[in-house]
Every structure is written in C-alpha cells, then in structure tokens.
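Each chain is listed here by its residues.
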Amino acid sequence: PTLEAAARRLGAAEEAMVTWRCSLDAVRSGDRHEIEAWLEQARALGLDVPNDLHRVLESVRSQEAASLEGFARRSQVKKLLEEAIEGAQIDEPSVLVKAVADAEAAGVEVPAVAREI
C-alpha cells in the first residue's frame, strides 16, 4: 500500500472515531437532534450503526413526546383554571373547585387567590 492510501485509511478511521465520540456525547446529553445528526453522519460514512443506538434514539423520541404532551396538558389545565377564576368572580364557584382539582392533579401551580374564592 502506498503512503497516500494509508493516509486515506487513517483519515477515514479518524472520521469514524470522531463520529462515534460525538454520538456518545449526544446520547449522554439526551439531545435527539444531535443523536439524529450523528447517526446520519455514521450512515454517510458507511459505518455499521448498532441497533442499541437506534433504540436509544427511539427512547429519547418517546421521552420528548411524553414531555411535550405533559406540557400541553398543563397549559390547557392552566388556561381552564384562569377561566374558572374569572368565572368564579361572576358567581360560578363550582367550576373553580373542579378546575383547582384538575390543576393540582396535572401539577399546575394553583394561585392562592383561586383557593380563597
């Protein structure tokens, strides 16, 4: 083999090592976008991507989806609580009682004023 061929192999090996190192860092940080980018880089380099890495990516995607669903639910409950507080001031306290219970169940911080109405 020529020196040029050896240099190409060394460059390819270094690129692969950097790709795997960055993939590991992305997995440790739980950053879905980074994991996807480094997986794509590994595929582009023709590297064999371990199935475990695909499973980790799916797990991170699932966690992200659950987190977004929880955030959306808390936002919805918070909006209902705010509407119930306004309604309670117009003589609809039963709506507020249910909204406070739903908010607490969803982990939404209930303002003290809502408990006092």
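One structure accompanies this document, and this report is about it. (Residues numbered from 1 in each chain as written. Predicted model: local features only at pLDDT ≥ 70, side-chain atom pairs only at ≥ 80, totals over all residues. Heavy atoms only, no water.)

Let us now look at the overall build of the protein. Scanning the protein for helices and strands turns up five helices and zero strands. Walking the protein from its N terminus toward its C terminus, one meets helices and strands in the order α-α-α-α-α. Counting across all 117 residues of the protein, residues that qualify as buried make up 23%. For the protein, restricting intrachain contacts to residue pairs at least 6 apart in sequence, the fraction spanning at least 24 positions comes to 48%. Entry remark: accessible area of the protein is about 8,300 Å², with carbon and sulfur atoms responsible for 56%. (Helix = DSSP H or I, 4+ residues; strand = E, 2+ residues; numbered from the N terminus. Buried < 20%, exposed > 50% of the residue type's maximum accessible area, 1.4 Å probe, protein only. Contact = heavy atoms within 4.5 Å. Areas by Shrake-Rupley, 256 points an atom, 1.4 Å probe, with all protein chains shown as cover.)

Along the chain, P50 falls in the loop between α2 (32–44) and α3 (51–88). Along the backbone, P50 and L39 are eleven residues apart, and their C-alpha atoms lie at a distance of 9.9 Å.

Another point: the packing of helix α1 (residues 3–29) against α2. Each packed pair of helices is defined by two parameters, the angle between the axes and the distance between the axes. Interhelical geometry of α1 versus α2 gives an angle of 160° and a closest axis separation of 9 Å. Judged by the inter-axis angle, α1 sits roughly antiparallel to α2. Note that α1 runs across α2; the crossing there is left-handed. For the pair formed by α1 and α2, the contact residues are E15, T19, W20, C22, S23, A26 and V27 on the first element and E34, I35, W38, Q41 and A42 on the second. (Axes fitted to C-alpha atoms, helices over the stretch in contact; angles between N-to-C directions. Parallel < 35°, antiparallel > 145°, perpendicular 65-115°, else oblique. Left-handed = near helix turned anticlockwise from the far one by under 90°.)

A full pass over the atoms with the stated rule returns seven salt bridges. For R61, the salt bridge is made with E36, and the minimal N-O distance between the two is 2.8 Å. Taken together, the residues R61 in helix α3 and E36 in helix α2 connect sequence positions 25 residues apart. For R61, a relative accessible area of 33% corresponds to the partly exposed category. Looking at E36, the relative accessible area reads 24%, which means it is partly exposed. Three or more residues are tied together by salt bridges with common partners; here these are R32, E36, E58, R61 and E64. (Salt bridge = Lys/Arg side-chain N within 4 Å of Asp/Glu carboxyl O.)

It is worth stressing that arrangement in space is one thing and function is another; only the former is reported here.
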